[in-house]
Amino acid sequence: MGLDKDLLDILACPHCLTPVREDGEKLVCTRPECGLRYAVEDGIPNMLIDDADKTCPKCGKARAYDGRVLSCPGCGGKVEDPRLAARSA
Ligand SMILES: [Zn+2]
Ligand SMILES: [Zn+2]
């Protein structure tokens, strides 16, 4: 069962604001270095970063999230929230 296309069209990754795509039972951020995976429970997407699968798309390790930056202990990759990045620039 797929998600409603109108709903999918307005959903974006809350971390990097990039659109998401459906991948099986999950919604996946389409920004390659982010790639957060959000669960869909009973047809309702759970778009909370804290609950998302934060597996690193590059090295497969679980990334840490401090409320602002996703950081990978494996490859050192970092993905910052673009809103916060703009503010500090
Ligand atoms: Zn993202
Ligand atoms: Zn990594």
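Residues numbered from 1 in each chain as written. Chains lettered and ligands numbered in written order. Predicted model: local features only at pLDDT ≥ 70, side-chain atom pairs only at ≥ 80, totals over all residues. Heavy atoms only, no water.

Colleague: How should the coordination of the zinc ion (ligand 1) be read in this particular structure?
Modeller: Note on metal geometry: ideal angles are 109.5 degrees for four donors arranged tetrahedrally and 90 or 180 degrees for six donors arranged octahedrally. All of the protein donors around the zinc ion (ligand 1) are Cys13 (SG), Cys16 (SG), Cys29 (SG) and Cys34 (SG); their distances to the metal are 2.3 Å. Site description for the zinc ion (ligand 1): donor spacing in sequence, C-x2-C-x12-C-x4-C. One end of the pair, Cys16, is in the loop between helix 1 (5-10) and strand 1 (20-23); the other, Cys34, is in the loop between strand 2 (26-29) and strand 3 (37-41), with 18 residues separating them in the sequence. In this structure Cys34 comes out as buried when scored by relative accessible area, which is 0%. (Donors = N, O, S within 2.8 Å, 3.2 Å for Na, K, Ca; no water. Helix = DSSP H or I, 4+ residues; strand = E, 2+ residues; numbered from the N terminus. Buried < 20%, exposed > 50% of the residue type's maximum accessible area, 1.4 Å probe, protein only.)

Colleague: Teacher, can you tell me more about the sheet that holds strand 3 here?
Modeller: What links the strands of a sheet is backbone hydrogen bonding, and the strands pair in either a parallel or an antiparallel sense. On the basis of which strands lie adjacent, the open sheet formed by 4 strands has the order 1-2-3-4 and antiparallel pairing. Looking along the sheet, the strands with just one partner apiece sit at the ends: strand 1 and strand 4 (44-45). Taken together, the 4 bridges between strand 1 and strand 2 define a ladder with antiparallel strand orientation. Within the sheet, the bridge partner assigned to Val20 lies in strand 2 and is Cys29. (Pairing = 2+ DSSP bridges.)

Colleague: What is the right way to read the nonpolar core from this model?
Modeller: A general feature of soluble globular proteins is that nonpolar side chains tend to end up buried together. Counting 16 residues, the largest nonpolar core has Cys13, Val20, Leu27, Cys34, Leu36 and Tyr38 as the members making the most contacts within it. Setting aside anything within four residues of it in sequence, one finds Leu27 in contact with Leu3, Leu8, Leu11, Val20, Arg21, Glu22, Leu36, Arg37, Tyr38, Val40, Pro45 and Met47. (Core = buried A, V, L, I, M, F, W, Y, C linked by side-chain atoms within 4.5 Å. Contact = heavy atoms within 4.5 Å.)

Colleague: Honestly, the coordination of the zinc ion (ligand 2) in this entry has me stumped. Any pointers?
Modeller: In this structure, Cys56 (SG), Cys59 (SG), Cys72 (SG) and Cys75 (SG) serve as the protein donors to the zinc ion (ligand 2), at separations of 2.3 Å. Every donor counted, the 4 donor atoms about the zinc ion (ligand 2) form angles of 96 to 123 degrees at the centre, which fits tetrahedral coordination. When the donors of the zinc ion (ligand 2) are listed by position in the chain, the intervening gaps give C-x2-C-x12-C-x2-C. Under the relative-accessibility criterion, Cys56 is labelled buried at 6%. (Tetrahedral: all angles 85-135°; square planar, octahedral: opposite > 155°, others 65-115°.)

Colleague: What is the right way to look at the pattern of salt bridges in this model?
Modeller: It is possible for side chains of opposite charge to pair when their charged atoms get near one another. One pass over the full model with this rule turns up 5 salt bridges. The salt bridge partner of Arg68 is Glu80, with a shortest N-O separation of 2.5 Å. One end of the pair, Arg68, is in the loop between strand 5 (64-65) and strand 6 (69-71); the other, Glu80, is in strand 7 (residues 78-80), with 12 residues separating them in the sequence. Since its relative accessible area comes to 32%, Arg68 is described here as partly exposed. (Salt bridge = Lys/Arg side-chain N within 4 Å of Asp/Glu carboxyl O.)

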